[in-house]
Amino acid sequence: MIEMKNLDFRYANSNTGALNNFSLTVDEGEIVLLCGESGCGKTTVTRLINGLIPHFYEGELNGRVTVGGVDAVKAELYETARIVGSVFQNPRSQFFCVDTTSEIAFACENMGLPEDTIKMRIREAARDMEAESLLGRSIFKLSGGEKQKIACASVAAAHPEVFVLDEPTSNLDMEAIESLRRTILLWKSLGKTVVIAEHRLHWLRDVCDRVIYMSGGGIGIDLPMSKFAAMPPEKLQKLGLRPLSLDKLKNETPPAISGDTLELRNFCFSYDGKKQALDIKSLVLPRNGIIAVIGSNGAGKSTFSKCLCGLEKKFGGKVLIDGTACGRRALLKKSYMVMQDVNHQLFCESVEDEVRLGMSEDNEKDVQGILNQLDLLPYVDRHPVSLSGGQKQRVAIASALLADKEILVFDEPTSGLDYRHMKETAALFKSLLGKRTLFVITHDPELILSCCTHALHMENGGIREFYPLDDNGGRRLIDYFINNDKEEKNIEKTV
């Protein structure tokens, strides 16, 4: 189904090759995992399969790529799109419509399918992705995970023979990941070919037939999943890969600190003036701790973070730091937020200029150290847009750490990071314990158990529970992620 032979590719704005003498064959109906550290070439492979290279991403290309008998290099994009459906790491980049139903229908309409067929496919795709409740919604009012669901549904509705997924779980909660897993198994039963570039491996153990480990633009390991899964966790870590089982996670959280507090009172917000997207009557948090904000997609986590940073003009309630009330302008001055989509906050011509943009002069001595810790020194002269998703994420994290703000909010900071870079990010967060108040909004239990002191569990815009990540709290957190939080939601609005 897919044949890639003797490929060399270098992006137009890069001095190094993304792929070097790369060859890969994928059989029809095979489910293949592409894994490896950030920048190893996974995304480049997906772009060659779906034709985005060389038609959208320019560079020097040698070699041959055929998909379903079509030359993906020479064929027009619309020809390749009939065979290959793609879900990108950032789902916003593939949306064309303003509402979810139209977005799912978009590819089918472009194919000229009859209206009744399109309606049937919309219902079918929404059912398979368990996204019926998202139909008829505004794209702009969806959470990151909900957008990912719609992106998957829009691709599935076109019924391609090949699916290419680039970091599809980067913004998904565990329940949505399980839904995606079931969808891929459905595609597998229909004989579809699926190529998945992914850092989070635990959900793919019983899904993929084969694992391709990439390094330096080439293939380092090519094994059946059964043999790959037999590797000891220590070897996976040395390869820069995440574990294949969440139950093996270790609790390395630092001890909780006591002292100053950050208090929220009547903290609320509504997008339409009617239904409350956020409603927290009272919440007392430890100042200068590292607080993981968890919960299902659409629980209100991103809304909470934007209000906390003063980015929403009409939020109600008070924020008290050591008993002193802070208004919206004060919160804007005291806070820095790394957004879920970091492309929104990359402005400069080079990585070095980017991390210095909002930097306090007092932090000049820390620039090289933070760039080094996040493996960004080789890219200081590169344009941020030319970087991989994980590298962009690390640039935004470096900018936040150098901004010298009192409250730092990170929305899915490890969405594109491999194991090694996740641990390096966790170590940097840990170094700020007792110096800054960090809120880490994440679906990544490995990150939480590597650096956070507390877990703040949100559902339906309210606080379900708040607890320290000691031994009991760590087990509680792992159980939450493993069990996908299937029990009935009984949300308490106050803590």
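Residues numbered from 1 in each chain as written. Predicted model: local features only at pLDDT ≥ 70, side-chain atom pairs only at ≥ 80, totals over all residues. Heavy atoms only, no water.

Looking now at the overall build of the chain. Counting its regular elements, the chain contains 17 helices and 20 strands. Expected size for 495 residues packed as a compact globule is a radius of gyration near 23 Å; at 22 Å, the chain falls within 12% of this value. Projected onto the principal axes, the alpha-carbon positions of the chain cover approximately 70 × 55 × 45 Å. Residues classed as buried in the chain amount to 56% of the 495 residues present. (Helix = DSSP H or I, 4+ residues; strand = E, 2+ residues; numbered from the N terminus. Rg over C-alpha atoms; globule rule 2.2 N^0.38 Å. Buried < 20%, exposed > 50% of the residue type's maximum accessible area, 1.4 Å probe, protein only.)

Let us now look at the nonpolar core. Counting residues in hydrophobic clusters, the biggest one holds 97 residues, and the most contacted among them are Leu165, Ile184, Phe228, Phe410 and Leu477. When neighbours within four sequence positions are excluded, Phe410 is seen to be in contact with Val338, Ile397, Ala400, Leu401, Phe429, Leu438, Phe439, Val440 and Ile441. Judged by nonpolar contacts, the second largest core, of 28 residues, contains Phe22, Val45, Ala197 and Ile212. (Core = buried A, V, L, I, M, F, W, Y, C linked by side-chain atoms within 4.5 Å. Contact = heavy atoms within 4.5 Å.)

Our next topic: the sheet that holds strand E1 (residues 2-11). What the four strands build is an open sheet, ordered E2-E1-E4-E5; its pairing is antiparallel. Of all strands in the sheet, those bounded by a partner on one side alone are strand E2 (19-26) and strand E5 (70-71). Sheet strands in contact with helix H1 (residues 42-49) are E1, E2 and strand E4 (59-67), and its direction is about 120° off that of E1. (Pairing = 2+ DSSP bridges. Axes fitted to C-alpha atoms, helices over the stretch in contact; angles between N-to-C directions.)

This part is about the packing of helix H4 (residues 100-110) against helix H5 (residues 115-128). The packing of two helices is summarised by the inter-axis angle and the distance between the axes. The N-to-C vectors of H4 and H5 enclose an angle of 125°; their axes lie 9 Å apart at closest approach. Comparing the axis directions of H4 and H5 gives the class oblique. Read as a crossing pair, H4 and H5 show a hand that is right-handed. Residues Thr101, Ile104, Ala105, Cys108 and Glu109 of H4 pack against Ile118, Arg121, Ile122 and Ala125 of H5. Class assignment of the residues belonging to the contact of H4 with H5 gives a composition of six nonpolar, one polar and two charged. (Parallel < 35°, antiparallel > 145°, perpendicular 65-115°, else oblique. Left-handed = near helix turned anticlockwise from the far one by under 90°. Nonpolar A, V, L, I, M, F, W, Y, C, P; charged D, E, K, R; others polar.)

Here six strands make up an open sheet; going across it, the order is E16-E17-E18-E13-E19-E20 and the pairing mixed. Edge strands, defined here as strands with exactly one partner in the open sheet, are strand E16 (335-338) and strand E20 (462-468). Averaged over all neighbouring strand pairs, the angle between strand axes comes to 20°, with direction disregarded. The sheet contact formed by strand E13 (residues 290-294) and strand E19 (residues 454-459) spans four bridges and is parallel. Residue pairing in the sheet places Val293 in a bridge with Leu456 of E19.

Taken across its eight residues, helix H10 (residues 301-308) has six buried, putting it largely inside the fold. Every buried residue of H10 is listed here: Lys301, Thr303, Phe304, Ser305, Cys307 and Leu308. Two residues or fewer after H10 comes Gly310, characterised by a positive phi angle close to 80°.

Within this structure, the stated rule accounts for 30 salt bridges. The partner of Arg420 in a salt bridge is Glu37, with the nearest N and O atoms 2.9 Å apart. With Arg420 in helix H15 (residues 419-431) and Glu37 in the loop between strand E3 (31-35) and H1, this pair connects stretches of sequence that are 383 residues apart. The exposure class assigned to Arg420 is partly exposed, which follows from its relative accessible area of 31%. Arg265 serves as the salt-bridge partner of Glu263, at 3.0 Å between the closest nitrogen and oxygen. The exposure class of Glu263 is buried, given its relative accessible area of 18%. (Salt bridge = Lys/Arg side-chain N within 4 Å of Asp/Glu carboxyl O.)

Let us now look at the confidence of the model for the chain. Summing up the model confidence of the chain, the mean pLDDT is 88 and the portion of residues at 70 or higher is 97%. In the model of the chain, helix H6 (residues 144-157) stands out as the element of lowest mean pLDDT, 85, in contrast to E3, which has the highest, 97. Note that pLDDT drops below 50 for residues 485-495; the model gives that stretch 29 contacts with residues more than four away or on any other chain. (pLDDT = per-residue confidence, 0-100.)

Our focus in this paragraph is the side chain of Ser335. In this fold, Ser335 is placed in strand E16. A relative accessible area of 8% means that Ser335 is categorised as buried.

The next subject is the state of the cysteines. Inspection of every chain in the model, using the stated rule, returns zero disulfides. Cys108 provides the cysteine sulfur closest to Cys97, a residue in no disulfide bond, and the two sulfurs are 11 Å apart. Sulfur of Cys307: no disulfide; nearest cysteine sulfur belongs to Cys268 and is 8.5 Å away. (Disulfide = S-S within 2.5 Å.)

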